[in-house]
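# Observations on the model geometry
Residues per chain, in single letters:
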Amino acid sequence: MKKEIFKRVAAVSMATLMAGAVFAGCGNNASSSSTDSKTDSSAASSDTKSTGTGKVYWLNFKPEIDETLQELAKTYTEKTGVDVKVTTAASGTYFQTLTSEMDKSNPPTLFVIGNQQGVKDWGDYALDLKDTAIAKELSTDAYNLTDENGKLVSIGYCYECYGIIANPELVEKAGYKMDDIKNFEGLKKVAEGIHSKADELGFDAFSSSDMDDSSSWRFTGHMANLEYFYEEKAAGKTWTECPATITGEFMPNFKNLYDLCINNSLTDPKDLATGGHDAENEFKTQKAAFFVNGSWEYAAVSEAVPKATMIPYYCGVDGEEKAGLNCGTENCWAVNSKVSEDDQKATIDFMVWLVSDADASKKMVDQLGIMPYKNAPKSSNGFLNDADTYTNNGCYVMDWATNYQPNVDEYRAALVSALNAYNADQSDANWDAVKSAFVDGWATQYKAANAQ
C-alpha cells in the first residue's frame, strides 16, 4: 500500500482533506492521542458483550473533540466488547498522519474525506455507504459526498459555521452596542475605537492572528472563503467542482477585514509569523473583544464568556447587511474499503451508536453542534443558533467555497508566506504578492492537482 499511496501523492496532492481546521477546521490546539478499547458494535445500545471479531480505528482530525471521543470509545467498549481505538492527529498534521497510518498493517477503519478533491484522492479507499445502516440514519443528504459514478464516498457527521466571535459585554464596556455592527463600516468603527483606547480599557479589539500551523487556517482557509464566496455570488452560480482559475475580484474586501484584524489586535503584526499566542485564551480571559473562529469553539468559550455571539465576515461588500455566517461541513466520515468486512461492520455499528444512542449523541452534539441524523438531539450551540437566526431573518448563507482550494497544503503554505511578508511590511508590493498567491497560486495548484 505504501507505494500506491506515495504514487498518488506525487500525482495529486492528498492534502485536500484540509487540515486543522483544517478542515475546518478546525481545532485550535495541537493534540495527539489515542485510546484502545474493547468494543462490538452489533450490541451498541446494550450492555451485552459481543462475540464479534471486528474492531474500530477512528483517525480523528479535530483535536478539540479528542477528550470526548476517548470517553465515548471507552463507554462503547464497556457496553459491547469491541476494540475501539481513537487517534487524534496533531493540529495541521492530518494528511501526513493519514498517509502514514494507511500504510500500516492495521490502518484506520474510519477517517475523513471532506471535499471533492478528497474524493478524488482517497475515494478508492472508501466503502460505498449507500444503503448502509449509518446512511439510513441520516436526516438529510445535503452533506454527503459522491464520486463521478454516484458512489457514496463519505457522509457528513456534523454541521458547523464560522465567522467572528464577539463579546457583547466588552463591546458595551467600550461604549458601543452590537447593533452598531451591521456591516464593515460599523465593525471598523467599533474595532478601531476599542484599539485606540486599549490601554485604558484593559482589552483590545481582536485576539492574535498567528500564522503558524495551529492558527493560519483561520485566515488562509476560513477568511479566504469570503473572497471565493463573493466570486460565486457575483457569477450567480455555486461551485460544484474546483474552478481552474479565480479572478480575485473581492481581494480588496479580504484586505479590509484582514487589515482590521491584524492592526487592531493585542499582537503586533510583525510578531505573527512564529505563533505562540493563544487567541482562544485571550478571548476567554477578556483581553480581546473579537475572536476569528467557528462554532466548534462554543463549548470552550461560552463558560468564560456566556454572552458570546457570532457575527458575519463583514468586509465592505455591497448589501452585506444581509450577510449571514459561513455554514457547511468538511466533517465527513468515510469507512475504509480495504479493511475486513468484520471491521467495516463494527465501524458502521459504532457510527450508528454515536448518532442514535441518547447519551453518546448528546455528547457529540454538545461538542460538534448540529448532527444531520434523525435521532440526534437538537444542538445547544449558541453560535449555530446565531447562524439560524441570520437565516431566519432572510440573510444569505456564505457556503464553504473554500472547500475547493486546490492542493490545499501547498496553496495555503504560499498564502502564509505571502501574508507573513505583508504582516512584516504592509507595502503595496507585498500586498500584490498576497493577491498573486491567492489568484495565480490557485491556477498553479489547480494544474498540479490535475496533472496538467
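For the structure given in this document, a descriptive report is provided here. Being a predicted model, the structure only gives us computed values, none of them experimental.

### Remarks on helix 10 (residues 251-263)
With 13 residues, helix 10 should reach 18 Å at 1.5 Å per residue; the first-to-last C-alpha distance of 18 Å fits that figure. What helix 10 keeps buried is the set Met251, Asn253, Phe254, Leu257, Tyr258, Asp259, Leu260, Cys261 and Ile262.

### Considerations on the side chain of Ser265
Along the polypeptide, Ser265 turns up in the loop between helix 10 and helix 11 (279-284). Residue classification places Ser265 among the buried residues on the basis of a relative accessible area of 8%. From its side chain, Ser265 meets the backbone oxygen of Ser207 in a polar contact 3.4 Å long. With sequence-adjacent residues up to four places away left out, Ser265 is seen in contact with His195, Asp204, Phe206, Ser207 and Ser208.

### Let's talk about the environment of Ala421
Inspection of the secondary structure puts Ala421 in helix 16 (residues 408-424). Measuring from C-alpha to C-alpha, the distance between Ala421 and Ala273 comes to 8.8 Å, with 148 residues separating the pair along the chain.

### Here's the deal with the nonpolar core
Of all hydrophobic cores here, the largest spans 85 residues; its most connected members are Ile194, Met223, Tyr230, Phe290 and Phe438. Each residue touching Ile194, except ones within four places of it in the same chain, is listed here: Ala174, Tyr176, Leu201, Phe203, Asp204, Ala205, Ala289 and Phe290.

### Examining the pattern of salt bridges
Scanning the model with the defined rule gives 13 salt bridges in all. Residues Lys177 and Asp180 are paired through a salt bridge, measuring 3.6 Å at the closest nitrogen-oxygen approach. The partly exposed category is assigned to Lys177, whose relative accessible area is 48%. Taken together, the shared-partner salt bridges connect Lys62, Glu64 and Glu160 into one network.

### A short note on the packing of helix 10 against helix 16
Where helix 10 meets helix 16, the closest approach of the two axes is 12 Å, and the angle between their N-to-C directions is 55 degrees. In terms of orientation, helix 10 and helix 16 fall into the oblique class. As for the relative orientation of helix 10 and helix 16, their crossing is right-handed in sense. Mapping the contact onto sequence places Phe254, Lys255, Tyr258, Asp259 and Ile262 in helix 10 and Leu419, Tyr422 and Asn423 in helix 16. Class assignment for the residues of the contact of helix 10 with helix 16 results in five nonpolar, one polar and two charged.

### Here's the deal with the packing of aromatic side chains
For the structure shown, the criterion picks out 33 aromatic pairs. Here Trp58 and Phe350 contribute two aromatic rings whose centre-to-centre distance is 6.5 Å and whose plane-to-plane angle is 70 degrees, an arrangement assigned as edge-to-face. Taken as a pair, Trp58 in strand 2 (residues 55-60) and Phe350 in helix 13 (residues 341-356) lie far apart in primary sequence, 292 residues in all. Residues Tyr411 and Trp442 carry aromatic rings whose centres are separated by 5.6 Å and whose planes lie at 85 degrees to one another, so their mutual orientation is edge-to-face. Taken as a pair, Tyr411 in helix 16 and Trp442 in helix 17 (residues 428-449) lie far apart in primary sequence, 31 residues in all.

### Some points on the state of the cysteines
Scanning the entire structure with this criterion turns up zero disulfides. Just so you know, Cys161 is unpaired, no disulfide at all, and the nearest cysteine sulfur is the one on Cys327, 5.2 Å from it. Using a relative accessible area of 0% as the deciding quantity, one classes Cys161 as buried. When its relative accessible area of 8% is taken as the criterion, Cys327 is described as buried.

### Section: helix 14 (residues 358-368)
Regarding helix 14, the residues found buried are Ala360, Ser361, Met364, Val365, Gln367 and Leu368. An end-on view of helix 14 places all buried positions within 165 degrees of arc, on one side of the element. In this structure, helix 14 carries Ala358 and Asp359 as exposed residues pointing more than 90 degrees from its buried face. The backbone nitrogen of Asp359 has a side-chain oxygen 3.1 Å away, supplied by the residue at the start of helix 14, namely Asp357. Looking one or two residues past helix 14, Gly369 carries a phi angle of roughly 100 degrees, positive in sign.

Calculation notes
- Residues numbered from 1 in each chain as written.
- Predicted model: local features only at pLDDT ≥ 70, side-chain atom pairs only at ≥ 80, totals over all residues.
- Heavy atoms only, no water.
- Helix = DSSP H or I, 4+ residues; strand = E, 2+ residues; numbered from the N terminus.
- Expected span 1.5 Å × (residues − 1).
- Buried < 20%, exposed > 50% of the residue type's maximum accessible area, 1.4 Å probe, protein only.
- Polar contact = N/O pair within 3.5 Å; in protein donor to acceptor, adjacent residues only side chain to side chain.
- Contact = heavy atoms within 4.5 Å.
- Core = buried A, V, L, I, M, F, W, Y, C linked by side-chain atoms within 4.5 Å.
- Salt bridge = Lys/Arg side-chain N within 4 Å of Asp/Glu carboxyl O.
- Axes fitted to C-alpha atoms, helices over the stretch in contact; angles between N-to-C directions.
- Parallel < 35°, antiparallel > 145°, perpendicular 65-115°, else oblique.
- Left-handed = near helix turned anticlockwise from the far one by under 90°.
- Nonpolar A, V, L, I, M, F, W, Y, C, P; charged D, E, K, R; others polar.
- Phe/Tyr/Trp six-rings, centres within 6.5 Å; stacked < 30°, edge-to-face > 60°.
- Disulfide = S-S within 2.5 Å.
- Arc of directions from axis to C-beta.

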